Amino acid sequence: MSRPKPLVAAIAVATIAATALSACSGSSAKKSNGGSGGGGTGGVFTSIDANNKITAGAPMNPFNAAPNMFLGYNQMQLGFTKNDPSDPNALLPGLAASWTASDAGLTIQLQPGAKWSDGTPVTVADIKTSLAIAYTQGTAGPVASAGGTVVAGSNFEVSDVKDLGGGKIEIDQQPGVKNLYFQRLVLTSTIVSDKVYGGQLPADIWTQIAAVQGTDQAAAGAAATKLAAEGKTIAAFAPAKDVSAGPFVETRVNPGEALLDRNQYFYAASKISPKQVILRSYSGNQQIWGYMNGGELDFAPYTSMPTNILNQVLGAGYTRVDAPSYVSASIAFNEKQAPYNLTPVRQALAYVIDRDAVTKVGEPVGGIAAPTTTGLVGSQSDSILSGDQKAALNPYKVDTAKAASLLQGAGFTKDGSGKWHLPNGQPWTITLQTVNGFSDWIAASTIIANELTQFGIPTTAAITADFATYQKEMAAGKYAVGWWLVALGPQTDKAYARIYGSADGYSVTGGQATHNDAAPTNWEHTPATYTVNGQSIDPGQLAAQLSVTPVSGQAPIVAQLAAATNQELPMIQIWNYTHVVFTLDKRFTNFPKTGQDALLANPPGVWMMQGYVQGK
């Protein structure tokens, strides 16, 4: 489960939806940026990396599970996401200055003068090695029975990489395969030096890739086994030094910080103002707040913080900058456990929970109470649904009388002390499960427990020791009611697969879903079909169709899924996260501002590539 980290909320986990693979981006890649650059005159830029905590002794290898590599600083991609739901393949330029997509694949133009920090140029060999490594890491393919199908997910199935000369490179998709997100998936792959990593791959790596893409099942299986083994070798590799094509190169790591110096060979070195970047280690939110109160961080990602801490960091001179986040915190149900298999029960609970009150306590800074439950964050569903479709949604405003009526209609009774009993006469109690360290969920659970208890359902908030255990026990069906992240967009198929996907017993191949209620991953156990507005729908199949449907054709499918999710409430969305970061205009200026969503979807190193963050 991909959740905002306990220290750093509201990530942009997710990525994107789909468009037709037509020409794109060349002009946008060349648009002017917001800064003139400083050429390394801006001093030391200090921050933390919320997604990749420093691990002393870990290798400078982006394929390691806990690497000392930092995206946008010394870890590079061909492009960087704009996190745009209306154009999922829209990207900011990285090592690729421009690109053109077609049904056959992608042609990129490398940045003029792109070099590694050892002074050698970035070449087609680097791109080819990097995409081969992606196969060994399972991020490129293979897709079972992919030939001739439209595929979804992260398997982009590159079949060849060709040098067209002059820094132009053709990247072919396997013939017969079409992934709507091929452009984005290729361009956001990590690019490493062939000189450093090429020796870690066998000479026949592309023969193995061809075999795993082939129709000979035995050969494909053998090749897949080899690729997986090679992936482990790659992940364990520890380069002697950092060789970076990014704006910085790592020169020192100790338990307290990582120090990166400006890469003099970076293709846009004149735009990079900081001479150095220091990324500090941290043990928890309070340490980060301490850094901020002392004015020590030039940039800080969001930490789930109470209002008084927000006021403190603003008082210390920080500017709050907001951008969209396609993540929603929800209360989820295991419908195999009664009474949560009953729609009126879930609807009644939605009428009891005051989402505004819960959000004010759980996520007062980075949360917006969910206006209703659709499976998407409010801003995204608003942009897709028609006025009539939005008006038809039930907001489930607090109404305990409606809640009581629903329960009575389902056979529940209330005793003389005001407590509800199940239809079989047994007392009804709820244990609301959350996770140690997830302060927003824990605080919110207390409020929800109070509200439900006051309504007559004694409710206790229980805390699982760690997130790994939480995931394991939730998957095992141990929890009847617990927290879950949904609406992981902006890619709508991913958002709905979060509800009607593997956690609900669905598996998808080539845009076709199959449902197995006995699947070991299934802990939701929702029905395979819903009846909505008089029509029977299969939500898992609709979610699967989204994965192979361009954005321009998704609205009718989303409308059905939103209506079904709003009616059946397999989850109750409590709040939608906001991507909040903080900048300090003390040593540096010209930071991206609220409204510059594409930049804000990326770490500061990417801002610097575009000419932002200037020394004062």
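Our subject is the structure listed above.
Okay, so let's go over this structure. (Residues numbered from 1 in each chain as written. Predicted model: local features only at pLDDT ≥ 70, side-chain atom pairs only at ≥ 80, totals over all residues. Heavy atoms only, no water.)

1. So, the nonpolar core
- Formed by 78 residues in total, the largest nonpolar core has its most connected members in I108, V158 and I171.
- For this core, the element with the highest residue contribution is helix α2 (residues 124–136), accounting for seven residues.
- If sequence neighbours within four positions are ignored, V158 has contacts with L131, Y135, I171, D172, Q173, F182, V186, W206, I209 and Q213.
- By size, the runner-up hydrophobic cluster in this structure holds 76 residues, among which are L393, A404, F467 and V486. (Core = buried A, V, L, I, M, F, W, Y, C linked by side-chain atoms within 4.5 Å. Buried < 20%, exposed > 50% of the residue type's maximum accessible area, 1.4 Å probe, protein only. Helix = DSSP H or I, 4+ residues; strand = E, 2+ residues; numbered from the N terminus. Contact = heavy atoms within 4.5 Å.)

2. Comments concerning unusual backbone geometry
- Residue A338 is joined to P339 through a cis peptide bond whose omega torsion reads 10°.
- The phi dihedral of Y396 falls on the positive side, at around 50°, and the residue is not glycine.
- According to the relative accessible area criterion, Y396 is buried, its value standing at 3%.
- Of note, N590 is a non-glycine position whose phi angle comes to about 60°, a positive value.
- Of note, N590 is situated in the loop between β28 (588–589) and α19 (597–600).

3. Comments concerning the sheet that holds strand β14 (residues 276–280)
- Judged by pairing direction, the sheet is mixed, and its four strands sit side by side in the order β1-β14-β13-β12 without closing on themselves. The strands lining the two open edges of the sheet, one partner per strand, are β1 (44–47) and β12 (248–254). Along the sheet, successive strands turn relative to each other by an average axial angle of 20°, direction set aside.
- Of the strand pairs in this sheet, β1 and β14 are connected by four bridges, and their pairing is parallel. Looking across to β14, one finds that S47 is bridged to L279. (Pairing = 2+ DSSP bridges. Axes fitted to C-alpha atoms, helices over the stretch in contact; angles between N-to-C directions.)

4. Details of the pairing of strand β27 (residues 571–584)
- Burial analysis of β27 places 14 of its 14 residues in the buried class, the great majority of the element.
- Pairing of strand β15 (residues 299–301) with β27 involves three bridges; the strand directions are antiparallel. The residue bridging P301 from the neighbouring strand is V581, located in β27.
- Bridging between strand β16 (residues 318–333) and β27 involves 12 bridges; their strand directions are antiparallel.

5. Looking at the packing of aromatic side chains
- Summed over the entire model, instances satisfying the criterion amount to 23 aromatic pairs.
- Each ring, one from W441 and one from Y470, has its centre 6.4 Å from the other, and the planes form 55°; the classification is tilted. With W441 in helix α14 (residues 439–455) and Y470 in helix α15 (residues 467–475), this residue pair connects regions lying 29 residues apart in the sequence. Both residues of the pair, W441 and Y470, count as buried.
- Here F591 and W607 contribute two aromatic rings whose centre-to-centre distance is 6.5 Å and whose plane-to-plane angle is 85°, an arrangement assigned as edge-to-face. Of this pair, F591 sits in the loop between β28 and α19 while W607 is found in helix α20 (residues 604–609), placing the two residues 16 residues apart along the sequence. Here F591 and W607 have matching classes, each one buried.
- Taken together, the aromatic side chains of F438, W441, F467, Y470, Y479, W483, W575 and Y577 make up a single cluster linked through ring pairs. (Phe/Tyr/Trp six-rings, centres within 6.5 Å; stacked < 30°, edge-to-face > 60°.)

6. Considerations on the pairing of strand β6 (residues 105–110)
- Inspection of the sheet shows strand β5 (residues 96–102) paired to β6 by six bridges, in the antiparallel sense. Bridge pairing links A101 to L106 in β6.
- In textbook terms, the turn of a hairpin is the stretch between consecutive antiparallel strands, and for β5 and β6 this stretch comprises two residues.
- Direction of pairing for β6 relative to strand β9 (residues 168–173): antiparallel, over a ladder of five bridges. Along β9, the bridge assignment pairs T107 with E170.

7. Examining the sheet that holds β6
- Strands sit in the order β5-β6-β9-β8 across an open sheet of four strands; the sheet is antiparallel. A single partner strand is all that each edge strand has here, and the edge strands are β5 and β8 (158–165). For this sheet the average axis-to-axis angle between neighbouring strands, irrespective of direction, equals 20°.
- Most of the contacts of α2 go to β8, to which it runs at about 175°, and overall it touches β6, β8 and β9.

8. Things to note about the pattern of salt bridges
- Inspection of the entire model under this criterion finds 12 salt bridges.
- A salt bridge links D160 to K128; the nearest nitrogen and oxygen atoms lie 3.7 Å apart. One end of the pair, D160, is in strand β8; the other, K128, is in helix α2, and 32 residues separate them in sequence.
- Its relative accessible area of 25% is what places D160 among the partly exposed residues.
- The shortest N-O distance in the salt bridge between D298 and R587 comes to 2.9 Å. Separated by 289 residues along the polypeptide, D298 in the loop between α7 (285–293) and β15 and R587 in the loop between β27 and β28 bring together distant segments of the chain.
- With a relative accessible area of 28%, R587 lands in the partly exposed category.
- Taken together, the shared-partner salt bridges connect K162, E170 and D172 into one network. (Salt bridge = Lys/Arg side-chain N within 4 Å of Asp/Glu carboxyl O.)

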